[in-house]
Amino acid sequence: MPRAIVLNRADNVATLIDTGHAGETCALQGEASGEIKLLQEVPFGHKVCIRDTPAGAEVRKYGQVIGKASKALKAGEHAHAHNIESARGRGDQTKR
Amino acid sequence: MAHTFLGYPRENGTFGVRNWVAVMSIMDNCNPVTRAICQQVDGTIAVTTLFVRGQYGRDLEIAYNTLAGMGRNPNIAAVLLVGLEEQTTEEVARRIRESGKPVEAIHLQPHGTINCVAEGSRKALKLVVRASGARRKPCPTSALMVGVECGGSDTTSGLTCNPVIGQMSDRLVDDGGTVIISETSEFFGAEHLFAARALSPAVGKAFTEMVLRLEKEAMSQGIDIRGTNPTPDNMRGGLTTIEEKALGAMAKAGTRPLSGVLSYGEAPAGKGLHFLDAPAPAVENLTAFAAAGCQLIFFGTGVGNPIGNMVSPTVKVSGNVNTLRTMADNIDFDASDILEKQASVRAIGDKLYDFAIEVASGTRTSSEILDVRETAISRFAPTI
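Notes on the structure in this doc start here.

Rules behind the numbers
- Residues numbered from 1 in each chain as written.
- Chains lettered and ligands numbered in written order.
- Predicted model: local features only at pLDDT ≥ 70, side-chain atom pairs only at ≥ 80, totals over all residues.
- Helix = DSSP H or I, 4+ residues; strand = E, 2+ residues; numbered from the N terminus.
- Rg over C-alpha atoms; globule rule 2.2 N^0.38 Å.
- Buried ≥ 20, exposed ≤ 12 C-beta atoms within 10 Å, placed from the backbone.
- Contact = placed C-beta atoms within 7 Å.
- Expected span 1.5 Å × (residues − 1).
- Arc of directions from axis to C-beta.
- Pairing = 2+ DSSP bridges.
- Nonpolar A, V, L, I, M, F, W, Y, C, P; charged D, E, K, R; others polar.
- Axes fitted to C-alpha atoms, helices over the stretch in contact; angles between N-to-C directions.
- Right-handed = clockwise from strand over helix to strand, strands pointing away.
- Parallel < 35°, antiparallel > 145°, perpendicular 65-115°, else oblique.
- Left-handed = near helix turned anticlockwise from the far one by under 90°.

## Here's the deal with the overall build of chain A
When helices and strands are counted, chain A shows zero helices and nine strands. Reading chain A from its N end, one meets helices and strands in the order β-β-β-β-β-β-β-β-β. Here chain A has a C-alpha radius of gyration of 13 Å; the compact-globule value for 96 residues is 12 Å, and the two agree. In terms of overall dimensions, chain A has a C-alpha envelope of 50 × 25 × 20 Å along the principal axes.

Below is the structure:
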C-alpha cells in the first residue's frame, strides 16, 4: 500500500513517499492516520488532496499556506501545479 | 565537554579544514593560465572567475571582495594570484594580505602565457612545499562556520535532508559555531516564520526587506517565476509552488535565533545563525559561502545536484531513495532512513554532525575527489 505523510493537522494535502496508482488505497502517516483512495496516479513525492477543497481556498502543508486551489480539489485527487496556484512572485498578475 | 576537530590553525586565529594553495584568477582572461598552473602543481586548487574586467561600482566591489574572501578562507594556506596587470591584482592582493597568509602574484602583461605558466608554477611549487609543513591539530568546533544550501530539491528535501541539516546546524550553533543560510528567493512564503526568530527587530526587518526587495525586482519583469523557481526538476519532484519549496528549504536553518544578515561578499562579524542575501542557484551561492569564510558546506538534494565548491568542501545529503540509487556517486550522506525506517530527524541529524567533524578532520567529499566543483561570482549590473 502506498504511504503518504501528513505534516500538520491543518493540512489538506499529504505527500506520497511511494508511487500511487488510481484506485489504490493510500495509508496516511505522520500527523494523521487512516486511508484515502487515490482517484488518479500520484507519482513519488507528489501530493494527494486529503480533504475536499473548494476553488480559491488555501492549500496547506506544514500547517502553512503553500498556494490556492485554482479549481475545486476532491479528496484523493493529485494536487499539483495544474490545480494549485502560487501567490508569490506573480509578476504576471501585476498591473503594469 | 569541549568538542574538537583536527584542523589547521592559521596566522589570524582561524582554523582550516583543508590546506590548499589557491591559484586564483583576477579576471576571466587569466583562467587558462590558472588552470595550466594547477595541472602542473599538486596541492593547488584553481579558483577561476568570469567577467570582472569592465565591471564597476558596487558590482566590482562585490567581485573583489568575493575573490579576496575566498583567498582569506581558512582552508587556503597561501594564494597565488594570476592577473592581467598589476593595478587590478593589487585590489585583491591587499584584501587577502590582511589575513597574514602568503600572497604571491604573476601578470600576463608583459610576460605572456608560456612564461606566466612557468613562473607561476615555480611560485606555486614553493608555496605548496611551505604549506605542506603544516600538521592537523585539535581545533575547537566553535571555530567552524558552515553554509547550508539545497539544490535539485523535491518534496523529500523538506522531509529528510533539510531538517537533518537543520539538526546539525542547531548542534553547531549550540557548540558556539556559525551557520549561514542563504537563497533569498527561497524564503518567499516562509519569511514571516524566519523573521520571527531574529534576535532583534532590526535584524528581522533587514531580513524581510532583503526578501521583499528581490520579490519586487522579480515581479517587475511581469512574469510568473514558476518554472524558473521552482525549477522544472523541482516540479517533477512534486514541489508545486515557491511557498512550498521555501517552507522545506528553511528547515536547513534548524530552530536557533537569527543573529545577523549579510550581503554578497560579506563575512559574519559574530557567531550563531546568519542569513546571507544571495541568489539561489548553487554555484554562485556556494561561492558566496566560501567568500564569507565557511570551511564546510552542507547541501541537501532531492532529485540530485552534484555540484560542489572549490574552496569549501561540500557535503551532499539526500533522503530520496531513488536518487541515492541513481546518483550514489554524488551523495556523501544518506538520510533515507527517515522515510524508509521512520528514523527520527534528530538521530540522523546527530549522525550528520558526527560526519561534519570527520569531514572537518580530513575525510574527503565526493565533489572534491571527482573534482565536481565550480566558482561563479554573482553579477547585479552590466559591464561597460
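## A word on the overall build of chain B
Scanning chain B from terminus to terminus reveals 16 helices and 14 strands. Against the 2.2 N^0.38 benchmark of 21 Å for 384 residues, chain B shows a C-alpha radius of gyration of 20 Å, consistent with a compact globule. Viewed in the frame of its principal axes, chain B has a C-alpha envelope of about 60 × 50 × 45 Å. Burial status across chain B gives 58% buried among its 384 residues. Excluding contacts between residues fewer than 6 apart, the proportion of contacts in chain B whose partners are at least 24 apart in sequence is 71%.

## With respect to helix α15 (residues 345–360) of chain B
Residue and element names in this part refer to chain B. End to end, α15 covers 22 Å across 16 residues, agreeing with the expected 22 Å (1.5 Å per residue, within 8%). Inspection of α15 places Ile-348, Gly-349, Leu-352, Tyr-353, Ala-356, Val-359 and Ala-360 among the buried residues, and these make up the whole buried set. Seen from one end, α15 has its buried residues packed into an arc of 155°, which puts them on one side. Across α15 from its buried face, at more than 90 degrees, point the exposed residues Ala-347, Asp-354 and Glu-358. Looking at the packing, one finds that the buried side of α15 touches β1 (4–9), α7 (161–174), β12 (296–301), β13 (314–318), β14 (333–334) and α14 (337–340).

## Here's the deal with the sheet that holds strand β5 (residues 47–49) of chain A
Residue and element names in this part refer to chain A. The six strands lie next to each other as β4-β3-β1-β2-β5-β8, forming an open sheet whose pairing is mixed. The strands lining the two open edges of the sheet, one partner per strand, are β4 (35–37) and β8 (78–79). Bridge count for strand β2 (residues 13–16) against β5 is three bridges, and the pairing is antiparallel. Bridge pairing links Thr-15 to Lys-47 in β5.

## Comments concerning the interface of chain A and chain B
Contacts between the two partners involve 24 residues from chain A, matched on the other side by 27 residues from chain B. The element contributing the most residues to the side of chain A that touches chain B is strand β7 (residues 64–69) of chain A, with four residues. A per-class count over the side of chain A that touches chain B returns eight nonpolar, ten polar and six charged.

## A word on the sheet that holds strand β9 (residues 84–85) of chain A
What the three strands build is an open sheet, ordered β6-β7-β9 (chain A); its pairing is antiparallel. Across the chains shown, the open sheet's two edge strands, defined by having one partner strand only, are β6 (58–61) and β9 of chain A. Inspection of the sheet shows β6 of chain A paired to β7 of chain A by four bridges, in the antiparallel sense. Bridge pairing in β7 of chain A links Arg-60 of chain A to Val-65 of chain A. Packing against the sheet, helix α11 (residues 242–249) of chain B makes contact with β6 and β7 of chain A, and its axis sits at approximately 165° to β7 of chain A.

## Let's talk about the pairing of strand β6 (residues 103–107) of chain B
Residue and element names in this part refer to chain B. Judged from the five bridges that link them, strand β5 (residues 76–83) and β6 form a sheet pairing that is parallel. Within the sheet, the bridge partner assigned to Leu-81 lies in β6 and is Ala-105. Note on the crossover from β5 through helix α3 (residues 86–97) to β6: the handedness is right-handed.

## Quick look at unusual backbone geometry
The amide bond that connects Gln-109 of chain B to the next residue, Pro-110 of chain B, takes the cis arrangement and shows omega of 0°. Relative to the assigned elements, Pro-110 of chain B resides in helix α4 (residues 108–111). Despite not being glycine, Tyr-62 of chain A shows a phi value in the positive range, around 60°. Tracing the sequence through the fold places Tyr-62 of chain A in the loop between β6 and β7. Accessibility expressed as a C-beta count within 10 Å gives 20 for Tyr-62 of chain A, which makes it buried.

## A look at the pairing of strand β3 (residues 25–30) of chain A
Residue and element names in this part refer to chain A. In this sheet, β3 lies alongside strand β1 (residues 3–6) in parallel orientation, the contact comprising four bridges. Its bridge partner lying in β3, Arg-3 is registered against Ala-27. Connecting β3 to the next strand, β4, in antiparallel fashion are four residues, including Gly-34 with a positive phi near 110°.

## Side note on the packing of helix α1 (residues 31–40) of chain B against helix α5 (residues 113–131) of chain B
All names here are of chain B. Close contact between α1 and α5 brings their axes to 9 Å; oriented N to C, the two are set at 45°. The angle between the axes of α1 and α5 places the two elements in the oblique class. For the element pair α1 and α5, the recorded crossing hand is right-handed. Between α1, through Val-33, Ala-36, Ile-37 and Gln-40, and α5, the contact on the second element is made entirely by Thr-113, Cys-116, Val-117, Gly-120, Ser-121 and Ala-124. For the contact of α1 with α5, the class distribution of residues is six nonpolar, four polar and no charged.

## Things to note about the environment of His-107 of chain B
All names here are of chain B. Take His-107: it is sitting in strand β6. For the pair formed by His-107 and Ile-26, sequence separation is 81 residues and the distance between their alpha carbons is 9.8 Å. The residues touching His-107, leaving out its near neighbours within four places in the chain, are Gly-83, Leu-84, Glu-85, Glu-86 and Thr-89.

## Considerations on the packing of helix α2 (residues 57–72) of chain B against helix α12 (residues 282–292) of chain B
All names here are of chain B. Two numbers describe how α2 lies on α12: the axes approach to 6 Å, and their chain directions differ by 60°. Judged by the angle between their axes, α2 and α12 are oblique. Considering how the two elements wind past one another, α2 and α12 form a crossing that is left-handed. Seen from α2, the contacting residues are Asn-65, Thr-66, Gly-69 and Met-70; seen from α12, they are Thr-287, Ala-288, Ala-290, Ala-291 and Ala-292. Its residues placed into classes, the contact of α2 with α12 shows five nonpolar, four polar and no charged.

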